[in-house]
Amino acid sequence: MYTVADYLLDRLKEIGIDDIFGVPGDYNLKFLDRITASKELNWVGNANELNAAYMADGYARTKGIAAFVTTFGVGELSAVNGLAGSYAENVPVIEIIGSPTTSVQKDKKLVHHTLGDGDFLRFERMHEEVTGAIAHLTTENATAEIDRVLTVAMTQKLPVYINLPIDIAEIVVSKPISPLLGQPEQLTEIETTLLNSIEKALNQSENPVVITGHEILSYGLEQILDSFIQKFNLPIATLPFGKGSFNEEDPHFLGTYSGSTTSEPLKKRIDTADLVLLLGVKLTDSATSGFSYGFTEDQIISVGCTEVNVYGKKQDGIQLNSLLSALSTLHYPGFSGEIIAVKRSPEQINTKKKLTQKQFWNMVETFLVQGDTVIGEQGTSFFGLTNVPLKKEMHFIGQPLWGSIGYTFPATLGSQIANKNSRHLLFIGDGSLQLTVQELGTAIREQLIPIIFVINNNGYTVEREIHGATEAYNDIPMWDYQHLPYVFGGTKQRVATYKVTTEAELEQAMQMAKKDTKRLQWLEVVMDQEDAPELLKKLAKIFAKQNS
Ligand code: TPP
């Protein structure tokens, strides 16, 4: 018997999902049976629903799409923060909620996980604000609604919500007869006009520059972007919110642009460009050091999936993928000026001196290898990594717009499940780790082997930089980080742990970790509580001002 559950799972498989995250509950158990019975899908249970949402988000950032399952009310509400992050940063994640049977809902029964008022749509309504589409499955609409919301997730790169009453999961339906996504659409009139504007602007420009943002990653447009840049020999920078969207070893790459905090000569090059072509960019506060970019509307053509702006004139959203593909067809001879590529000169250090943030990020730069996936938590980690040049074929994950601390730990695990061939390196502060550390058990159970740098700087350094450097609210309990992996089920066969306080110790631990490719690497890096990367020091002052 082919059921709604089978239909949904087949569609998930069709769009590229091999693993489903989540937490069971009595309203989703029968649906979970169909997952565990499937030969093609793998169930990955999580410690809690927030972590499931984060893990799915990390998986989607690497594989293109992800799904997780929660139970009604208590489960789904825990996951809302994760979904909001996916919404803010254009990550397509599908949340499936197992809910009470249609008749229980219709009869307004006072069942568990409700507020005891017979209103079964409360939680669904709450999700409207943080999803691209919501489906409440019924006997009549189930397959059409599944197709509708999955299409939204795929084409708009937004999270979607499927409320699956547990009896509906078992209703018999027909198998899908055609693929979910049809042919890509032709360019619209608006898109053709926009393309002409870009062509004209490039031909008139003497020193253009391209800046890319996170939407390039959301839509998986890195290759298409690369063809465009190579064909027309254009200089390119990325925002921190979009880092990794272009190969940072390529000679066209100028560096990471972050507004007034950008170092010279990059800052001047960008600010004085006569054309700033923004592709898939959102100019957010933390990506531009409090909106301190030095270019104005007269220089900008911005092309994004929801925002298009031509010299200050806003236009309707476009299909970013179609438009970007069409960029290579422009009639333009290409840029012929000089391109000053990013400098790489990490100092080699190996002393008994106490580790500083400055030396740490220098040493990280040397440690990275082609093909790595690098994840930076919101804190000293993200801002330290912003100016670390990435190597070829690297994938970078951060969450600088939503900025929910703790996100990166489950996201790293989700991403590694999505791509086991890439070495995963997570940089996370002690404060952030304490929010989502329960997923360490999942990492060990799933035999994942990321290299995790836990920055033990005795609390919330990023907040100390903004306000209240020595206030108690920026302190956290000091944990025994060395024992954590073992508390969560790790053994010496599965995990290697290090605690380092000097450059020499870090160097040695890095050398060991590099060779030890079969075990999870857990490196506790001790640094001063008031030490921070230069970029963060400057940015913190800007944020303090923004809050006054
Ligand atoms: N709660 C959530 C869920 N997200 C947040 N962004 C915050 C609170 C506010 N916040 C931002 S950064 C931060 C806090 C509390 C501290 C991060 O500290 P840690 O992870 O130790 O990083 P460090 O800066 O010390 O490297």
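Only a predicted model underlies this, so the values are computations on that prediction, with no experimental measurement involved. (Residues numbered from 1 in each chain as written. Predicted model: local features only at pLDDT ≥ 70, side-chain atom pairs only at ≥ 80, totals over all residues. Heavy atoms only, no water.)

Asker: Quick question: what am I supposed to make of the overall build of the protein chain here?
Answerer: Helix and strand content of the protein chain: 21 helices and 19 strands. Scaling as 2.2 N^0.38, a compact globule of 548 residues should have a C-alpha radius of gyration of about 24 Å, and the protein chain matches this with 24 Å. Across its three principal axes, the protein chain shows a C-alpha extent of roughly 70 × 60 × 45 Å. Going through the 548 residues of the protein chain one by one, you find that 57% of them count as buried. Considering only intrachain contacts with a sequence separation of at least 6, the fraction spanning at least 24 residues in the protein chain is 74%. (Helix = DSSP H or I, 4+ residues; strand = E, 2+ residues; numbered from the N terminus. Rg over C-alpha atoms; globule rule 2.2 N^0.38 Å. Buried < 20%, exposed > 50% of the residue type's maximum accessible area, 1.4 Å probe, protein only. Contact = heavy atoms within 4.5 Å.)

Asker: So what exactly am I meant to see when it comes to helix 8 (residues 189–204) here?
Answerer: Residues three or four positions apart in an α-helix share a direction because the helix packs 3.6 residues into each turn. A rise of 1.5 Å per residue sets the reference length of helix 8, with its 16 residues, at 22 Å; its end C-alpha atoms lie 23 Å apart and thus fit the reference within 8%. Within helix 8 the residues assigned to the buried category are Glu 191, Leu 194, Leu 195, Ile 198, Ala 201 and Leu 202. Along the axis of helix 8, the buried positions cluster into a sector of 130 degrees, meaning they face one direction only. Of the residues in helix 8, the exposed ones pointing more than 90 degrees away from the buried face are Glu 189, Lys 200 and Gln 204. (Expected span 1.5 Å × (residues − 1). Arc of directions from axis to C-beta.)

Asker: Help me understand the packing of helix 13 (residues 357–367) against helix 20 (residues 503–515) in this model?
Answerer: The packing of two helices is summarised by the inter-axis angle and the distance between the axes. Here helix 13 crosses helix 20 at 25 degrees, and the two axes come no closer than 11 Å. Compared by their axis directions, helix 13 and helix 20 come out roughly parallel. The two elements helix 13 and helix 20 cross, and the hand of that crossing is right-handed. Two secondary-structure elements touch here, helix 13 through Gln 359, Phe 360, Met 363, Val 364, Thr 366 and Phe 367 and helix 20 through Glu 503, Leu 506, Glu 507, Met 510 and Lys 514. (Axes fitted to C-alpha atoms, helices over the stretch in contact; angles between N-to-C directions. Parallel < 35°, antiparallel > 145°, perpendicular 65-115°, else oblique. Left-handed = near helix turned anticlockwise from the far one by under 90°.)

Asker: Hey, could you run me through the site of the ligand in this one?
Answerer: By nearness alone, 16 residues border the ligand, and Thr 380, Gly 403, Asp 430, Ser 432 and Glu 463 come closest of all. Within the backbone of Thr 461, a nitrogen or oxygen atom sits 3.0 Å from an oxygen atom of the ligand. In isolation the ligand has 600 Å² of accessible area, and contact with the protein removes 78% of it. Where the shell around the ligand is concerned, the elements lending two or more residues are helix 16 (430–436) and helix 18 (461–466). In terms of residues, the shell around the ligand owes the most to one element, helix 16, which gives four residues. Residue classes in the shell around the ligand are distributed as four nonpolar, ten polar and two charged. (Near = heavy atom within 4 Å. Polar contact = N/O pair within 3.5 Å; in protein donor to acceptor, adjacent residues only side chain to side chain. Areas by Shrake-Rupley, 256 points an atom, 1.4 Å probe, with all protein chains shown as cover. Nonpolar A, V, L, I, M, F, W, Y, C, P; charged D, E, K, R; others polar.)

Asker: Help me understand unusual backbone geometry, please; the structure alone is not making it clear to me.
Answerer: Of all residues except glycine, most have a negative phi; of all peptide bonds, most are trans. Between Glu 264 and the following residue, Pro 265, the backbone shows a cis peptide bond with an omega angle of 5 degrees. Within the fold, Pro 265 resides in the loop between strand 9 (253–256) and helix 11 (266–271). Of note, Asn 90 is a non-glycine position whose phi angle comes to about 55 degrees, a positive value. With respect to the secondary-structure elements, Asn 90 resides in the loop between helix 4 (74–88) and strand 4 (93–99). Given the relative accessible area of 7%, Asn 90 is considered buried. Unusually for a residue other than glycine, Phe 291 sits at a positive phi of about 60 degrees. Its place among the elements puts Phe 291 in the loop between strand 10 (275–279) and strand 11 (300–303).

Asker: Sorry if this is basic, but what is going on with the UniProt feature "binding site: Mg(2+)" (unreviewed entry) in the protein chain here?
Answerer: When the UniProt feature table is mapped to this numbering, "binding site: Mg(2+)" (unreviewed entry) covers Asp 430, Asn 457 and Gly 459. Across 30 residues of sequence, these annotated residues stay compact in space, with a maximum C-alpha separation of 7.1 Å. With respect to the helices and strands, Asn 457 occurs in the loop between strand 17 (451–456) and helix 18. Excluding residues that lie within four positions of it along the chain, Asn 457 makes contacts with Gln 357, Thr 380, Asp 430, Met 527, Asp 528 and Gln 529. The residue Gly 459 is located in the loop between strand 17 and helix 18 in this model. (UniProt positions renumbered as here; feature names shortened; annotations may be inferred.)

Asker: What is the right way to read the UniProt feature "domain: Thiamine pyrophosphate enzyme TPP-binding" (unreviewed entry) in the protein chain from this model?
Answerer: In this structure's numbering, the residues bearing the UniProt feature "domain: Thiamine pyrophosphate enzyme TPP-binding" (unreviewed entry) are residues 388–516. Between the C-alpha atoms that bound residues 388–516 there is a distance of 24 Å. The span itself is 36% helix and 16% strand.

Asker: Teacher, can you tell me more about the sheet that holds strand 16 (residues 424–429) here?
Answerer: Strands belonging to one sheet form pairs held by backbone hydrogen bonds; the direction of such a pair is parallel or antiparallel. With respect to topology, six strands assemble into an open sheet ordered 15-14-16-17-19-18, the strand pairing being parallel. Among the strands making up the open sheet, the edge pair consists of strand 15 (395–397) and strand 18 (495–500). Sheet twist, expressed as the average angle between the axes of neighbouring strands with direction ignored, equals 15 degrees. Pairing of strand 14 (residues 373–376) with strand 16 involves four bridges; the strand directions are parallel. (Pairing = 2+ DSSP bridges.)

Asker: Just to check I follow, could you spell out the side chain of Gln 399 for this structure?
Answerer: Checked against the element boundaries, Gln 399 lands in the loop between strand 15 and helix 15 (408–418). Note on Gln 399: relative accessible area 3%, which makes it buried. In this structure Gln 399 touches Arg 61, Gly 85, Glu 89, Gln 378, Ser 404 and Tyr 407, once residues within four positions along its chain are discounted.

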